[in-house]
Amino acid sequence: MVRRMYLLKTTLVLICVCSIAFAQTVASSSAATKPAVAQSTDQLIAELQKLLADEVAAHPSLPGELLHVHAPRQGVDVTLAAGVFDRETKRPLDPHNVFRVASVTKTFVAASILRFYEDGQIKLDNPINHYLPKEYTTILDAGGYPTNVITVRQLLTHTSGLFDYAQAPEYYAAVEGNPKHRWTRKEQVQDAVKWGKPYAAPGKGYHYSDTGYVLLGEMLEHLTGKPLGPALRSVLNFKKLKLDETYLETLEPVPTGVKPLAHPYFGEVDAAEFDPSVDLYGGGGLVSSVEDLARFYRALLRGKIFHRASTLQMMLTVPPTNEDAAGGPYAMGIQRRNIAGNICWGHTGFWGTSAYHCPDIDVTIVRHYNQAQPAPDFIFKRLYEQIAKTLGVSR
């Protein structure tokens, strides 16, 4: 199992969903003034629900799936569910159940760092030893990672050369052996230094690294003087963005009224009881809903988070080293993906989360399939392509 988990982590973007068919529509676009338009919208939503239910039914290895589609030009703003909340009770999955977003957290962290850049409190090409406590720079320098050379920009773009503790077989063995162990950020950085060597000299190559984003999480705490959860919440203004169902698991109280966390699975293993510190300090850790994630990515890519349009363009600029990244060219905490001929931006997460916004067609699609190890015949992009065809936005 350890080996399978290791391989899965390195091919995260290929994962996807399905299971027992149960479907429920909970929200749709605001009512149209003409009955013909309303009927057309209803037909679109019904087709989306069928696509979701069919996908879940076709892959019994997967418990369930959530889907949110926001396509204003087609009159669609809908949240759907299919399958079950957990295998033991077979309780239906509620469209408003929240879930661990895992690496989708990286987009939130990157956007927060860039807000500090906009305010002149951080320079992206400064060495990271300008913004990290000495206890971290000492560990990294002693391990062959020169903190006076590695830059903030390189952490954001995964070009720092930092070994990824989360891809080490030793890490998965430790998690499997003691899933309730409470990890610390410092422990994970120490293990990255202990378990691996630099992938490349700083700036010379792309290699996905949770270690780099754990350090960015520490950097945010250092810059704000707040724990990571409140830091993200205040810097990005969750209240203004209406992110009412998004929080950092176990590091913040669960917001009032939020529905239960859908059980994440790894094959047959229910990982609901795994301590969230396995993936908590910046590389992952957020819990959210499909609607909150849609609101966040729409706000980000529609220029509602940064003060200057140039900041968003910088965030979306892919270094030459990152054009061939698995899952699509990788910029700063966000990836570019082609969906049915459309350029879309977003991120995927280990436990089955994917969130993308396609600016040219103004379509946002967020999925969560509560399974990290779907059946081998599952094709990640199939539902995206089917949704695009249904909305009439395929190119």
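Preceding block: the structure.
Let me begin by describing the structure that accompanies this report. As the structure is a prediction and not an experimental result, all values here were calculated from the model. (Residues numbered from 1 in each chain as written. Predicted model: local features only at pLDDT ≥ 70, side-chain atom pairs only at ≥ 80, totals over all residues. Heavy atoms only, no water.)

### So, the pairing of strand β10 (residues 342-349)
(1) Moving on: Of all the 8 residues making up β10, 7 are buried; the element is thus mostly covered by neighbouring parts of the structure.
(2) Moving on: Of the pairings in the sheet, the one linking strand β9 (residues 335-339) to β10 comprises 5 bridges and is antiparallel in character. Pairing of Asn338 across the sheet is with Ile343, part of β10.
(3) Moving on: Here β10 pairs with strand β11 (residues 353-358) via 5 bridges, running antiparallel. Its bridge partner being in β11, His347 is matched across the sheet by Ala355. (Buried < 20%, exposed > 50% of the residue type's maximum accessible area, 1.4 Å probe, protein only. Helix = DSSP H or I, 4+ residues; strand = E, 2+ residues; numbered from the N terminus. Pairing = 2+ DSSP bridges.)

### Side note on the pairing of β9
(1) Moving on: Burial along β9 is one-sided: the residues Gln335, Arg337 and Ile339 are buried and none of Arg336 and Asn338 is.
(2) Moving on: Connecting β9 to the antiparallel partner β10 that follows it, the hairpin turn spans 2 residues, and Ala340 within it adopts a positive phi of roughly 55 degrees.

### Here's the deal with the environment of Phe238
(1) Moving on: Looking at where Phe238 falls in the secondary structure, it is placed in helix α10 (residues 238-241).
(2) Moving on: Between the alpha carbons of Phe238 and Val104 there is a distance of 16 Å; along the sequence they are 134 residues apart.
(3) Moving on: Leaving out residues up to four positions away in the same chain, Phe238 has contacts with Phe108, Leu232, Arg233, Leu243 and Thr246. (Contact = heavy atoms within 4.5 Å.)

### Side note on the environment of Tyr297
(1) Moving on: Tracing the sequence through the fold places Tyr297 in helix α11 (residues 290-301).
(2) Moving on: A relative accessible area of 0% places Tyr297 in the buried class.
(3) Moving on: Once the C-alpha coordinates of Tyr297 and Val287 are considered, the two residues, 10 residues apart in sequence, prove to be 15 Å apart.
(4) Moving on: Excluding residues that lie within four positions of it along the chain, Tyr297 makes contacts with Val104, Thr107, Ile334, Trp345, Gly346, His347, Ala355 and His357.

### A closer look at the packing of aromatic side chains
(1) Moving on: On inspection of all chains with the given rule, the structure shows 15 aromatic pairs.
(2) Moving on: Relative to Tyr171, the ring of Tyr165 has its centre 5.0 Å away and its plane inclined at 90 degrees; by these criteria the two rings are edge-to-face. In this pair, the class of Tyr165 matches that of Tyr171, namely buried.
(3) Moving on: On the numbers, 6.0 Å between centres and 40 degrees between planes, the contact of Tyr206 with Tyr330 is tilted. Of this pair, Tyr206 sits in the loop between α7 (185-195) and α8 (210-224) while Tyr330 sits in the loop between α12 (309-315) and β9, and the two are 124 residues apart along the sequence.
(4) Moving on: Put simply, the rings of Tyr165, Tyr171, Tyr172, Trp183 and Trp195 touch in pairs and so form one group of aromatic residues.
(5) Moving on: It is Arg367 that lies over the ring of Phe380; its NZ or CZ is 5.7 Å from the centre.
(6) Moving on: Note that Arg367 overlies the ring of Tyr384, its terminal NZ or CZ placed 4.8 Å from the centroid. (Phe/Tyr/Trp six-rings, centres within 6.5 Å; stacked < 30°, edge-to-face > 60°. Lys NZ or Arg CZ within 6 Å of the ring centre and 35° of its normal.)

### What to know about the pattern of salt bridges
(1) Moving on: Inspection of the entire model under this criterion finds 21 salt bridges.
(2) Moving on: Arg115 serves as the salt-bridge partner of Asp119, at 3.4 Å between the closest nitrogen and oxygen.
(3) Moving on: Its relative accessible area of 42% is what places Asp119 among the partly exposed residues.
(4) Moving on: A salt bridge links Arg153 to Asp125; the nearest nitrogen and oxygen atoms lie 2.8 Å apart. Linking Arg153 in helix α5 (residues 152-156) with Asp125 in the loop between α3 (105-118) and α4 (134-142), this pair joins segments that are 28 residues apart in sequence.
(5) Moving on: Arg153 gets classed as partly exposed once you look at its relative accessible area, which sits at 28%.
(6) Moving on: Via salt bridges that share partners, Glu55, Glu65 and Arg367 belong to a single interconnected network. (Salt bridge = Lys/Arg side-chain N within 4 Å of Asp/Glu carboxyl O.)

### Digging into α3
(1) Moving on: A rise of 1.5 Å per residue sets the reference length of α3, with its 14 residues, at 20 Å; its end C-alpha atoms lie 20 Å apart and thus fit the reference within 8%.
(2) Moving on: Most of α3 is tucked away, with 13 of its 14 residues classed as buried.
(3) Moving on: Remark: Gly120 follows α3 within two positions and exhibits a positive phi of approximately 75 degrees. (Expected span 1.5 Å × (residues − 1).)

### Quick look at the sheet that holds strand β4 (residues 99-100)
(1) Moving on: Spatially, β4-β8-β5 is the arrangement adopted by the 3 strands of the open sheet, whose pairing is antiparallel. In this open sheet, the two strands that pair with only one neighbour each are β4 and β5 (247-248).
(2) Moving on: With 2 bridges connecting them, β4 and strand β8 (residues 286-288) associate as antiparallel partners. From the neighbouring strand, Arg100 faces β8, where its bridge partner is Val287.

### Quick word on the side chain of Gln335
(1) Moving on: Inspection of the secondary structure puts Gln335 in strand β9.
(2) Moving on: A polar atom in the side chain of Gln335 sits 2.9 Å from the backbone oxygen of Ala326.
(3) Moving on: At 2.8 Å, the side chain of Gln335 forms a polar contact with the backbone oxygen of Gly328. (Polar contact = N/O pair within 3.5 Å; in protein donor to acceptor, adjacent residues only side chain to side chain.)

### Brief notes about the nonpolar core
(1) Moving on: By size, the foremost hydrophobic cluster in this structure holds 87 residues, and its most contacted members are Phe108, Val152, Met219 and Leu300.
(2) Moving on: Among the elements that line this core, the one with the most residues is α11, at 8 residues.
(3) Moving on: Discounting chain neighbours no more than four positions away, the residues touching Leu300 are Thr107, Ala111, Ile305, Phe306, Leu312, Met315 and Ile334.
(4) Moving on: Counting 29 residues, the second-largest nonpolar core is a separate cluster that includes Ile45, Val69, Leu383 and Ala388. (Core = buried A, V, L, I, M, F, W, Y, C linked by side-chain atoms within 4.5 Å.)

### Looking at helix α13 (residues 382-391)
(1) Moving on: By the burial criterion, the buried members of α13 are Leu383, Tyr384, Ile387, Ala388, Thr390 and Leu391. Buried residues of α13, seen end-on, are gathered within an arc of 160 degrees and therefore sit on one face of the element.
(2) Moving on: After α13 finishes, the residue Gly392 shows a positive phi value of roughly 75 degrees. (Arc of directions from axis to C-beta.)

### A word on the packing of α3 against α8
(1) Moving on: As a packed pair, α3 and α8 sit with axes 10 Å apart at the nearest point and diverge in direction by 45 degrees. As summarised for this structure, α3 and α8 are arranged oblique, according to the angle between their axes. In the packing of α3 onto α8, the handedness of the crossing is left-handed. Residues Lys106, Val109, Ala110, Ser112, Ile113 and Phe116 of α3 pack against Asp210, Tyr213, Leu216, Met219, Leu220, Leu223 and Thr224 of α8.
(2) Moving on: Partitioning the contact of α3 with α8 into residue classes produces 9 nonpolar, 2 polar and 2 charged. (Axes fitted to C-alpha atoms, helices over the stretch in contact; angles between N-to-C directions. Parallel < 35°, antiparallel > 145°, perpendicular 65-115°, else oblique. Left-handed = near helix turned anticlockwise from the far one by under 90°. Nonpolar A, V, L, I, M, F, W, Y, C, P; charged D, E, K, R; others polar.)

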